[in-house]
Amino acid sequence: MKVNVPPPPQELFRQFEKGEISREELQAVCALHQREMLEEIEEVRRNPIGAYLEDLLLKREAAKLRREYGEGLIRDVFIALADVPDFPPAILIWNAGHRDVPLHSFFRLRREPVFRVLDIKNEGLHVKAKVEYGARERKNATREEFTLHRGARNELIVSSRKTLK
């Protein structure tokens, strides 16, 4: 992952609404996000075959997870994880609540920073999610397990986080 990753957009808007950052700061950080997206688009343009193959892998991974856990649960987990402070993949999953964004677009399997779901256990009011992110080589990637619980409005909230080896 990049060393100085700006906060995801939902956090930026929260900070702006609380008056913690100015409109100019908000626009500057949003411009950084935009530049990163444009760089990825340019990368796809330079290597369309590689991008197509990556897209196929991502769609297969999303379909497998959708069958195993259900799209609603996966999106609920991503929404909760996106609000975790100092969680680098939040920049990839910040808009998981937007149902018009395809599920496969939240994963990264080959391109750094990678983001993979290793396991989800739904225990009713509690959910355990294991994810892997960061380096492409699995031995260098970060693995974490999150315990989430259902809040008063039935939304998932992260209650604990631990790093796995």
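Each value, and the rule that gives it
- Residues numbered from 1 in each chain as written.
- Predicted model: local features only at pLDDT ≥ 70, side-chain atom pairs only at ≥ 80, totals over all residues.
- Heavy atoms only, no water.
- Pairing = 2+ DSSP bridges.
- Helix = DSSP H or I, 4+ residues; strand = E, 2+ residues; numbered from the N terminus.
- Axes fitted to C-alpha atoms, helices over the stretch in contact; angles between N-to-C directions.
- Contact = heavy atoms within 4.5 Å.
- Parallel < 35°, antiparallel > 145°, perpendicular 65-115°, else oblique.
- Nonpolar A, V, L, I, M, F, W, Y, C, P; charged D, E, K, R; others polar.
- Core = buried A, V, L, I, M, F, W, Y, C linked by side-chain atoms within 4.5 Å.
- Buried < 20%, exposed > 50% of the residue type's maximum accessible area, 1.4 Å probe, protein only.
- Salt bridge = Lys/Arg side-chain N within 4 Å of Asp/Glu carboxyl O.
- 1 Å grid on protein atoms, 1.4 Å probe; cavity = no way out; pocket = protein on both sides within 12 Å on 5 of 7 lines; lining within 4 Å.
- Points joined across faces, edges and corners; volume = space filled by probe spheres on them.

1. Quick word on the sheet that holds strand β2 (residues 126-134)
- Strand order in the open sheet made by the four strands is β1-β2-β3-β4, with antiparallel pairing throughout. The two strands at the open ends of the sheet, each matched to only one other strand, are β1 (114-123) and β4 (156-164). Each neighbouring strand pair of the sheet contributes to a mean axis angle of 20°, computed without reference to strand direction.
- When β2 meets strand β3 (residues 142-150), the two strands line up antiparallel, connected through eight bridges. Opposite Val131, over in β3, you have Glu144 as the bridge partner.
- Across the sheet, helix α4 (residues 71-82) touches β1, β2, β3 and β4, and the angle it forms with β4 is around 75°.

2. Quick word on the packing of helix α3 (residues 48-69) against α4
- Two elements in contact, α3 and α4, have axes whose closest approach is 7 Å; the angle formed by their N-to-C orientations is 105°. Between α3 and α4, the interaxial angle falls into the category roughly perpendicular. Where α3 approaches α4, its residues Leu65, Arg66 and Tyr69 are matched on the opposing element by Glu71, Leu73 and Ile74.
- Class assignment of the residues belonging to the contact of α3 with α4 gives a composition of four nonpolar, no polar and two charged.

3. Description of the nonpolar core
- Grouped together as the largest cluster of nonpolar side chains are 34 residues, with contacts concentrated most on Phe78, Phe87 and Ile93.
- The set of elements that each furnish at least two residues to this core consists of α3, α4, α5 (90-93), β1, β2 and β3.
- The greatest single-element share of this core, amounting to seven residues, is contributed by α4.
- With near-sequence residues (within four places) excluded, Phe78 lies in contact with Ile93, Ala96, Leu103, Phe106, Phe107, Phe115 and Val117.

4. Quick look at the pattern of salt bridges
- Counted by the stated rule, this structure contains 17 salt bridges.
- The residue Asp83 makes a salt bridge to Arg14 at a minimum N-O spacing of 2.8 Å. Taken together, the positions of Asp83 in the loop between α4 and α5 and Arg14 in helix α1 (residues 9-18) put the pair 69 residues apart, joining distant regions of the chain.
- Residue Asp83 is classed as partly exposed on the basis of its relative accessible area, which comes to 43%.
- Note on Arg14: relative accessible area 32%, which makes it partly exposed.
- Note that Arg150 and Asp76 form a salt bridge whose closest N and O atoms lie 3.4 Å from each other. Of this pair, Arg150 sits in strand β3 while Asp76 sits in helix α4; the two residues are 74 residues apart in sequence, bridging distant segments of the chain.
- Linked through salt bridges whose partners overlap, the residues forming this network are Arg116, Glu132, Arg138 and Arg143.

5. Regarding the layout of surface pockets
- Roughly 1,200 Å³ of volume is contained in the largest pocket.
- Forming the walls of the largest pocket are 33 residues, and the residues nearest its centre are Met37, Glu40, Leu92, Arg108 and Arg111.
- Only α2 (23-46), α3 and α5 provide two or more residues apiece to the lining of the largest pocket.
- Looking at the lining of the largest pocket, the element that brings in the most residues is α2, giving eight residues.
- Within the lining of the largest pocket, the residues separate by chemical class into 16 nonpolar, six polar and eleven charged.
- Here the second largest pocket defines a volume of roughly 290 Å³.
- Looking at the second largest pocket, it is lined by 16 residues, and the ones nearest its centre are Pro7, Pro8, Val84, Pro85 and Asp86.
- Examining the composition of the lining of the second largest pocket, we find that three residues originate from one element, α1, more than from any other.
- A breakdown of the residues in the lining of the second largest pocket according to their chemical character gives eleven nonpolar, one polar and four charged.

Geometric values such as these leave the question of function open.
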